[in-house]
Amino acid sequence: MADEEATAEEKSGGKNKMLMFGIIGVVLAAGGAVGGPMIMNMINPPAEEATAAAEDDAPAAAEPGAPAHYYPILPPLTSNFADEQGRRRFIQVGLEVRASEQRFIDAVKEHNAVIRNALLLAYSELDYNEVITRDGKESLRQTTLDEIRDVMTTHVGEPGIEDVYFTQFVIQ
């Protein structure tokens with residue numbers, strides 16, 4: 001009888017250990033489900049926070065004493081175009097604009113849809129053999145700046161944007 005009681009205690013002790021490990025597993029999973037996104041948001045903040053951080057951490061403008069305001073055009077622009085053989089090619093471009101006055105950044109935000117439309121139309125006419133070279137990319141950067149300035153001149157009355165930078169560039 002003593003052997004039966006000892007065996008019963010070992011079995012119930014094993015069940016208690018399994019229950020305890022199960023509870024610990026559930027608690028860890030719940031902690032990971034809640035804590036994981038919080039940690040990821042601290043490491044890689046959402047777009048609005050990233051934009052604010054980018055504006056706060058922006059380097060100084062080329063002109064001494066003039067403030068520089070940077071703003072990312074989000075999400076990155078993706079367009080398709082044809083190469084010489086008629087194959088469909090794709091380009092994805094991440095952009096950031098620079099202005100010396102915040103009012104121009106505010107205007108870019110306000111007219112974001114018009115700017116994106118103008119750029120997508122321009123990108124759909126790309127020449128693959130040109131855009132894969134460094135000079136072609138620089139030419140595309142200048143075209144991008146010109147398109148943005150045209151939209152700003154039409155809607156704000158002055159170009160306002162001093163420069164544009166590629167922050168992402170993929171051609172496929």
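As shown above, the structure is provided for reference.
Quick caveat: nothing in here was measured; it's all calculated off a predicted structure.

Cut-offs applied
- Residues numbered from 1 in each chain as written.
- Predicted model: local features only at pLDDT ≥ 70, side-chain atom pairs only at ≥ 80, totals over all residues.
- Heavy atoms only, no water.
- Helix = DSSP H or I, 4+ residues; strand = E, 2+ residues; numbered from the N terminus.
- Buried < 20%, exposed > 50% of the residue type's maximum accessible area, 1.4 Å probe, protein only.
- Contact = heavy atoms within 4.5 Å.
- Areas by Shrake-Rupley, 256 points an atom, 1.4 Å probe, with all protein chains shown as cover.
- Core = buried A, V, L, I, M, F, W, Y, C linked by side-chain atoms within 4.5 Å.

With that settled, consider the overall build of the protein. From N to C terminus, the protein includes 6 helices and 3 strands. Secondary structure elements in the protein, listed N-terminal to C-terminal, are α-α-β-β-α-α-α-α-β. Of all 172 residues assigned to the protein, the portion counted as buried reaches 27%. Contacts spanning at least 24 positions in sequence make up 67% of the contacts within the protein whose residues lie at least 6 apart. Just so you have it, the protein exposes about 11,200 Å², and 57% of that area is on carbon and sulfur atoms.

This part is about the nonpolar core. Grouped together as the largest cluster of nonpolar side chains are 28 residues, with contacts concentrated most on Ile91, Leu95, Val97, Val108, Tyr123, Ile148 and Ile161. Going through the elements one at a time, β1 (69–82), β2 (88–99), α3 (102–110), α4 (112–123), α5 (128–131) and α6 (134–156) are the ones with two or more residues in this core. For Val97, the contacting residues outside a window of four places in its chain are His69, Tyr70, Tyr71, Ile73, Ile105, Val108, Ile148, Ile161, Asp163 and Val164.

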